[in-house]
Amino acid sequence: MIEATRAKGLAQLEEFLPRAADYYQKNRNYDLGPEDRRGVSGLSPYITHRLITESEVAEAVIEQHRPKDAESFLQEVCWRTYWKGWLEGRPLVYQAWRRLVKEDSRHWPQREDFRKAVEGKTGITCFDAWVEELKATGYLHNHTRMWFASIWIFTLKLPWSLGAQFFMQHLLDGDVASNTLSWRWVAGLQTKGKHYLATAKNIEKFTKGRFRPEGVLAEQATALNGPPHPPYKSPISFPFQASEQLGDKYALLLTGDDLCPEIGVTGEMKPERILSLPVDALQEADEFSQKVLTFKKEALADARHRAEAHFGCPSEQLEPGCDPAGALGEWMKAGGLNAVIYYEPFIGPWKDLVGQLSTRDVGVKFFPLRRPWDGLLHPHAGKGYFHFKKYALPQVVRARGRFGPKKVVT
Ligand SMILES: Cc1cc2nc3c(=O)[nH]c(=O)nc-3n(C[C@H](O)[C@H](O)[C@H](O)COP(=O)(O)OP(=O)(O)OC[C@H]3O[C@@H](n4cnc5c(N)ncnc54)[C@H](O)[C@@H]3O)c2cc1C
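Only a predicted model underlies this, so the values are computations on that prediction, with no experimental measurement involved.

Q: Describe the confidence of the model for the protein, with residues and values.
A: The predicted model of the protein averages 95 in pLDDT, with 98% of residues at 70 or higher. A low-confidence stretch, residues 406-410 (pLDDT under 50), is modelled with 14 contacts involving residues beyond four sequence positions or located in other chains.

Q: Quick rundown of empty space enclosed by the protein? Include the residues and the values.
A: Summed over the entire model, instances satisfying the criterion amount to six cavities of 30 Å³ or more. The wall of the largest cavity is formed by 17 residues, among which Gly174, Val176, Asp257, Pro349 and Trp350 lie closest to the centre. Here the lining of the largest cavity is composed, by residue class, of eight nonpolar, five polar and four charged. Along its surface, the second largest cavity is lined by Tyr94, Trp97, Arg98, Gln165, Met168, Gln169, Val176, Glu284, Glu287, Phe288 and Pro349. Of all elements in the fold, only helix 6 (91-104) and helix 10 (160-170) reach the threshold of two or more residues within the lining of the second largest cavity. Split into classes, the residues belonging to the lining of the second largest cavity amount to six nonpolar, two polar and three charged. Residues lining the lining of the second largest cavity come from more than one domain, with at least three contributed by each of domain 2 (93-206) and domain 3 (244-369).

Q: Now, about the pattern of salt bridges: what can you tell me, with residues and values included?
A: Here the structure, examined in full by the defined rule, presents 31 salt bridges. Residue Arg210 is joined to Asp31 by a salt bridge in which the shortest nitrogen-to-oxygen separation is 3.4 Å. Separated by 179 residues along the polypeptide, Arg210 in the loop between helix 12 (200-206) and strand 1 (250-254) and Asp31 in the loop between helix 2 (22-27) and helix 3 (44-48) bring together distant segments of the chain. Arg210 gets classed as partly exposed once you look at its relative accessible area, which sits at 33%. The closest approach of N and O atoms between Asp302 and Arg306, which form a salt bridge, is 3.0 Å. Remark: Arg306 and Asp302 occur in helix 13 (residues 290-311); sequence separation between them is four residues, near one turn of the helix. Arg306 shares its class with Asp302; the two are buried. One salt-bridge network, in which partners are shared between bridges, spans Arg50, Glu54, Arg80, Lys84, Asp175, Asp258, Arg371 and Asp374.

What counts and what doesn't
Residues numbered from 1 in each chain as written. Predicted model: local features only at pLDDT ≥ 70, side-chain atom pairs only at ≥ 80, totals over all residues. Heavy atoms only, no water. pLDDT = per-residue confidence, 0-100. Contact = heavy atoms within 4.5 Å. 1 Å grid on protein atoms, 1.4 Å probe; cavity = no way out; pocket = protein on both sides within 12 Å on 5 of 7 lines; lining within 4 Å. Points joined across faces, edges and corners; volume = space filled by probe spheres on them. Nonpolar A, V, L, I, M, F, W, Y, C, P; charged D, E, K, R; others polar. Helix = DSSP H or I, 4+ residues; strand = E, 2+ residues; numbered from the N terminus. Domains from an automatic or database assignment. Salt bridge = Lys/Arg side-chain N within 4 Å of Asp/Glu carboxyl O. Buried < 20%, exposed > 50% of the residue type's maximum accessible area, 1.4 Å probe, protein only.

Rendered as structure tokens:
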């Protein structure tokens, strides 16, 4: 399994950088199998947990290549930000997916067709191989994720909600926004009238003949029906800087959505203590595979160690039990602290968990922050991607340190 550390993420970025322009553009759509991933960066598990930040990745690429040459790669990084911003403005779409998962989980998992799919025993060679690869490596190539989701929905006729959940269970880079909205896009729920149908020809071409699923895939399909999108509400704008009211008796809280506390404004702060929240306390924890759980735990441990060294103070993990607010209150009191600062998690499980810390007043003041990358770009994700890209890409290219540190900090 890949190492869940910032050092490994930075090393991977360094190794990938020479290929981020022309090579990426020409090869990124080919899935040559787990033995040859040179066409893509493989950075997603690190970016998802913010072991490395999007701005570090973009800045490093722009330092080595002309932005025009690396546009294809920068656009993909922007896709992630677009999906994030889109969901921040429409949290109901996330809640609706969770409700569907609950409903569909009542009967589908007992069905033989569902069991065969998740065990990789459908008889569709490529699909079964991808199930195995996903479980073994925690990763699938982007094109393969599209084919997989399409076959799941249109050939196997299984519910998209549980396909998205299956991905979240096994992907090391599992991200509520990119995953849910990409599954919805394949199903035809995201862009009205547009769905994605995988074809045998396309799979054969972009796997360079590793798979030839002729005659076994649905050749026609209609987009799924769903309610219209809820109206986009501009995401809550959290400050980029700490308020003066923070005082000096505060803890820095780490969540799995942002594990780079030494980078950005928090890097300049002087917390008395570092606090992290346990992965096991996430509502979805029992849905994650052992590999995903281990990756998340190791990533958090890595962030705590780095934070201890950077801030020169101890770190602890809160055991929230059945009264997270009470547990936090007691921990703060014992340490003589009265405020917590943290990067506000995104719509998804970490946000839900952090929300439970403030369900009642235990005398703790909360100071959520946003990174400028998110705060400046998310409000432009209310419409389609091309509208977003038109705004975001020039911002990213011109940013040169505005979104974060100019140089990658090791
Ligand atoms: C059905 C489906 C489910 C997906 N689920 C996830 C998920 O849970 N988590 C996740 O991070 N991505 C998801 N993606 C997007 C994409 O497949 C992965 O980000 C990409 O394959 C990661 O590999 P990489 O780091 O080598 O990507 P690269 O091609 O090297 O791209 C660099 C970075 O850009 C971002 N990125 C690239 N492509 C996309 C994309 N299409 N959408 C959003 N961001 C992108 C990622 O952060 C990635 O690390 C999903 C796509 C589909 C079709």
